[in-house]
Amino acid sequence: MTRRLFLLLSLGGIAGYALFFFLFPRFSPIAKWGHELDRQTAASRAAAAGRAFGVDPAGWTTWVSTSYDQTIESYLFEQKAAQKTPLLDARLTPTRMKVTFADLKSGHRLIVSLNSRGELLEIEHRDPASPPRRPPGGGPRGNRPGPPGREDPPPNTNQSEADLARDLRIAEEGLRNFYGEAARAFPSPPKHGAQATGNEYSWTSSDDLMKLTAEVYVQNGKLQSLKLDSSPTETFKPRLDARRPGSMAFFSNVANFVLWPSIIALIILYFVGLGRRQVNHRPALYLLLGSFVFLTVANYLGSFFDNFREDVLINNGPRPLFLLQLLLPPLIYLAIYLAISGSLYFFHATGSAISGGLVERRTIDLELLLKGGMLTRPVMGSLLAGLLAGGGIAVTPYLIAASGLFGPVALDPAELDDIFSARWPIAASAIDFSQFVAFMVFAFLTQIIDTFVRRRFLALLLTYLTTFLSFAEISQIQIPLAAAVAVTAVIALILTCLYYRFGVLATFFSLVGWQIALSAAILLAQPAASLHGSGVRILGLLLAFGLVGLVGFWKSREVTAEEVAPRDAAPNVRAERERLKAEFDVARRAQEHMLPDAPPALPGFRISAICQPSKEVGGDLYDFLRLPDGRTGIVVADVSGKGVPASLYMTLTKGLLDSVSEDKSDPGEILREVNRHLYTVCQRKMFVTLFLGVLDPAGRTLSYARAGHNPTVHRRAFGGETLLLKPRGMGLGLNSGKIFDQSLKVETIQLESRDKLFFYSDGITEAMNVQNDEYGEERLMKVAEEVDDLPAEASLNAVMDDVRKFLGPNPPQDDQTLVVIEVM
């Protein structure tokens, strides 16, 4: 990821998330729900309602689920717009929470439904010892079938007048006690329906839009259930249908045109890959195991397990089979997520079998992750880029709604209410079915496109169309169709760009970031403090993921050629690496021979030098020049870049210095002549920085010039001064002559006994540790002050040891060259 791309993604991602949290409460209907219950509060209030009902569910297994009713939301919206009072004085709310208490051993169940403010809507006690009752008006049993082979008991028509009067009184008292003032909306007398062992009473209240029915069931002189049913009137139904036209229903289901052909292709191509022995099972099995554990735990901590557990609860018979009741639902739950994880295994195994021979695979990030290479640039780059792009996906529907380009836009809040009943909302905040779709599309379908479609533009177009069709149902737009198409088009574009620029994981993490932001916004928009707190924690999770991605990206390593080599090319890559390594060894040995064997022996001076390349060969140079006037030149130079090209320019620079110094002794003249020759052969992207000092042993002076190089450190032991020698001058090979000649300045200093000079390259001062701190000139000067009493060689070792200690586990990022001169 280039610096410019990272900056653009960061700015775009932060702006996207900020705009999303700004626009969400203004355009999302969820922000107007006013949901006040979390899971614990709902269970507590439901238990209190059960005790008032005569059933204490203490110690029973508890399941909590949330449901959203668009019909009620539309009804409340229209009544508010018309300034009319809704039925039951707004006890109806768009969301309700259902709490089920079950005693698995005895088979007793208590079911309580509450509106979003915690007010009772329904309560029912199911006793397995009591015979089942018929639904109102007779007919089939609905969704509460009895045991196989057991018929409905006939209604009891021989009840006494006293029993009927008693049951009616109990029903009316129950209606008033549990619905309070709202019971006044139901006129008397109720309709009566006789059951086998009890009586059912129903009251109806309606206006021009909604019909409400309150049902109370009394059995053996005891209140058994209260229920509130709602249904739109014939006048309201057409207006409801207009909110979800057939064209929108069709558009949201176009993903089926991709899903089912994909499954067929998956089966065929998987067995083809098996036959050709191209399926790599091990990483796919790692994916299966990891996704199975994650999905199982996360959905249990969320709300899915509760929804599922209640749906498969065996609730008939006088005494359910306890072990079957206890074990069967969890086993089915595990089987579901094993099947989902298995499908991910097949998608990845088949996709990698198809595209494993491609050089430019977009699954490299996923492959590296499954091999344990999490701290690599492709993986951490995908994580960071995906999370940042999630802000663009999150804000897109709200920008479309705010733009007004398509007229009034209705956002669809369906299936976003489960976060309220999650055991741990933070655990459920990152999971969404769209991530499964993304994996199917980008780990499997696009691998087919990339492998068999050779024209890049056509491959891009097919990938975009596949993504568009697959993600039509996540637009969050209810109406109009044009807005839903626009949102899907933008999201598909974001995902396609992420895939081709970063890889499969980037598309996945973008949807994770979007889902986390959406979950946080839903909870932050509600009035309950507990939900607000969960929203803040989920927002913290998003920030934590972003921080992990940022730090991980900067600390990640580049991958080797073997790690990203195509399946069939891996042996060739290893052979090529061995060949290059042998050639680098030859180049490294040649470079070592070009460095001086030993520092010169100068009267009154001791000299020590070292050059350590960061790669096999490098671009640093130090040398000692014998000048015509008997003085000695000390050179430290650094060629821009690293590796073989830098080494070649270093060799050229050394040759020019040796040649020019045969006739010239002035450091300025030497550098001007070397620059003219270098300029004629250097590429404009390559240049050389150099510090040349000329020692005069007789006069104990140093004349020096600097061509854009690091300043030399001059330590005066007697005076206690540490200076930087930095005359002006630009790098060699950047200018043909005039500007270079004018910029270059030669200076001369007098040296004294115990003085030290430290010539060095930027590999010393720019060495960077794990905290991304540079070693710097100040640390070098401090070490120079600490070695006043040490000879040149010991002083050099002290500096190099201090640099290594500073780097810690980090390897050197650049060549390191140091020459220390001690005045005797």
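Bear in mind the structure is a predicted one, so any value in this text is a computation, not a measurement. (Residues numbered from 1 in each chain as written. Predicted model: local features only at pLDDT ≥ 70, side-chain atom pairs only at ≥ 80, totals over all residues. Heavy atoms only, no water.)

**Some remarks on the environment of Val564**
- Along the chain, Val564 turns up in helix α19 (residues 561–564).
- Val564 sits 196 residues away from Leu368 along the chain, and the two C-alpha atoms are 8.3 Å apart.
- Setting aside chain neighbours within four positions, we find Val564 in contact with Arg361, Ile364 and Val559. (Helix = DSSP H or I, 4+ residues; strand = E, 2+ residues; numbered from the N terminus. Contact = heavy atoms within 4.5 Å.)

**Digging into the packing of helix α25 (residues 776–786) against helix α26 (residues 792–807)**
- One can describe the packing of α25 onto α26 by two numbers: an axis separation of 10 Å at closest approach and a directional angle of 140 degrees. In terms of their interaxial angle, α25 and α26 are classed as oblique. Crossing of α25 against α26: the hand is right-handed. Mapping the contact onto sequence places Arg779, Leu780 and Val783 in α25 and Ala798, Val799, Asp802 and Phe806 in α26.
- For the contact of α25 with α26, the class distribution of residues is five nonpolar, no polar and two charged. (Axes fitted to C-alpha atoms, helices over the stretch in contact; angles between N-to-C directions. Parallel < 35°, antiparallel > 145°, perpendicular 65-115°, else oblique. Left-handed = near helix turned anticlockwise from the far one by under 90°. Nonpolar A, V, L, I, M, F, W, Y, C, P; charged D, E, K, R; others polar.)

**Structural notes on the sheet that holds strand β16 (residues 712–716)**
- Within the open sheet, the five strands sit side by side as β11-β20-β19-β16-β17. Their pairing is antiparallel. Pairing within the sheet leaves two strands with one partner each, and these edge strands are β11 (605–612) and β17 (721–725). For this sheet, the mean angle separating the axes of adjacent strands, direction not counted, is 15 degrees.
- Strand direction decides the pairing type here: strand β19 (residues 756–760) and strand β20 (residues 816–823), joined by five bridges, are antiparallel. (Pairing = 2+ DSSP bridges.)

**Here we look at unusual backbone geometry**
- Residue Pro480 is reached from Ile479 by a cis peptide bond, and omega for that bond is -5 degrees.
- Following the sequence through the fold, Pro480 ends up in the loop between β10 (477–479) and α16 (481–501).
- For Asn220, which is not a glycine, the phi torsion comes out positive at approximately 55 degrees.
- With respect to the element layout, Asn220 can be found in the loop between β7 (210–219) and β8 (222–232).
- For Asn772, which is not glycine, the phi torsion reads 65 degrees and is therefore positive.
- Along the chain, the position of Asn772 falls in the loop between α24 (762–765) and α25.

**A word on the pattern of salt bridges**
- According to the stated counting rule, one finds 27 salt bridges in the structure shown.
- Here Arg631 makes a salt bridge to Asp629, at a shortest N to O gap of 2.9 Å.
- For Arg631, a relative accessible area of 17% gives the class buried.
- When its relative accessible area of 43% is taken as the criterion, Asp629 is described as partly exposed.
- Beyond isolated ion pairs, a larger network of salt bridges with shared partners links Arg672, Glu673, Arg676 and Asp741. (Salt bridge = Lys/Arg side-chain N within 4 Å of Asp/Glu carboxyl O. Buried < 20%, exposed > 50% of the residue type's maximum accessible area, 1.4 Å probe, protein only.)

**Considerations on the environment of Ser113**
- Note on placement: Ser113 falls in strand β3 (residues 108–115).
- Expressed as a C-alpha distance, the spacing of Ser113 and Arg96, which sit 17 residues apart in the sequence, is 6.7 Å.
- Discounting residues that sit within four places of it in the chain, Ser113 has contacts with Arg96, Met97, Lys98, Glu119, Leu120, Leu121 and Glu122.

**As for the pairing of β3**
- Of all eight residues in β3, seven are buried; the element is thus mostly enclosed.
- In the sheet, strand β2 (residues 95–103) pairs with β3 via eight bridges, with the strands oriented antiparallel. Paired with Lys98 across the strands is Ser113, a residue of β3.
- Connecting the antiparallel pair β2 and β3 is a turn made up of four residues, with Gly107 showing a positive phi of about 85 degrees.
- Strand direction decides the pairing type here: β3 and strand β4 (residues 120–126), joined by six bridges, are antiparallel. Bridged to Ser113 within β4 is Glu122.

**Remarks on the pairing of strand β15 (residues 701–707)**
- Burial runs high along β15: seven of the seven residues are buried.
- The alternating pattern of β15 places Thr701, Ser703, Ala705 and Ala707 and Leu702, Tyr704 and Arg706 on opposite faces, both of which are buried.
- As paired elements, strand β14 (residues 688–696) and β15 share six bridges and run antiparallel to each other. Across the sheet, the residue bridging to Gly693 is Tyr704, located in β15.
- Here β14 folds back onto β15 in antiparallel fashion, the turn holding four residues, of which Arg700 has a positive phi close to 50 degrees.

**Digging into a nonpolar patch on the surface**
- Taken together, Phe457, Leu458, Leu461, Leu462 and Leu465 make up a surface patch of nonpolar side chains, about 460 Å² in accessible area.
- Mapping Leu458 onto the fold places it in helix α15 (residues 456–470).
- Looking at Leu458, the relative accessible area reads 41%, which means it is partly exposed. (Patch = residues over 30% accessible without salt bridge, like charges linked within 9 Å, V, L, I, M, F, W, Y side chains within 5 Å. Areas by Shrake-Rupley, 256 points an atom, 1.4 Å probe, with all protein chains shown as cover.)

**Focus on the sheet that holds strand β6 (residues 198–206)**
- Within the open sheet, the eight strands sit side by side as β1-β2-β3-β4-β8-β7-β6-β5. Their pairing is antiparallel. The sheet terminates laterally at β1 (61–68) and β5 (191–194), the two strands that pair on one side only. Pairwise comparison of adjacent strand axes, ignoring direction, gives a mean angle of 20 degrees for this sheet.
- Sheet topology note: the β7/β8 ladder contains 10 bridges and is antiparallel. Across the sheet, residue Val216 finds its bridge partner in β8, namely Leu226.
- Sheet strands in contact with helix α2 (residues 39–53) are β1, β2, β3, β4 and β8, and its direction is about 60 degrees off that of β2.
- Together, β4, β5, β6, β7 and β8 form the strand contacts of helix α4 (residues 161–179), whose direction differs from that of β8 by roughly 60 degrees.

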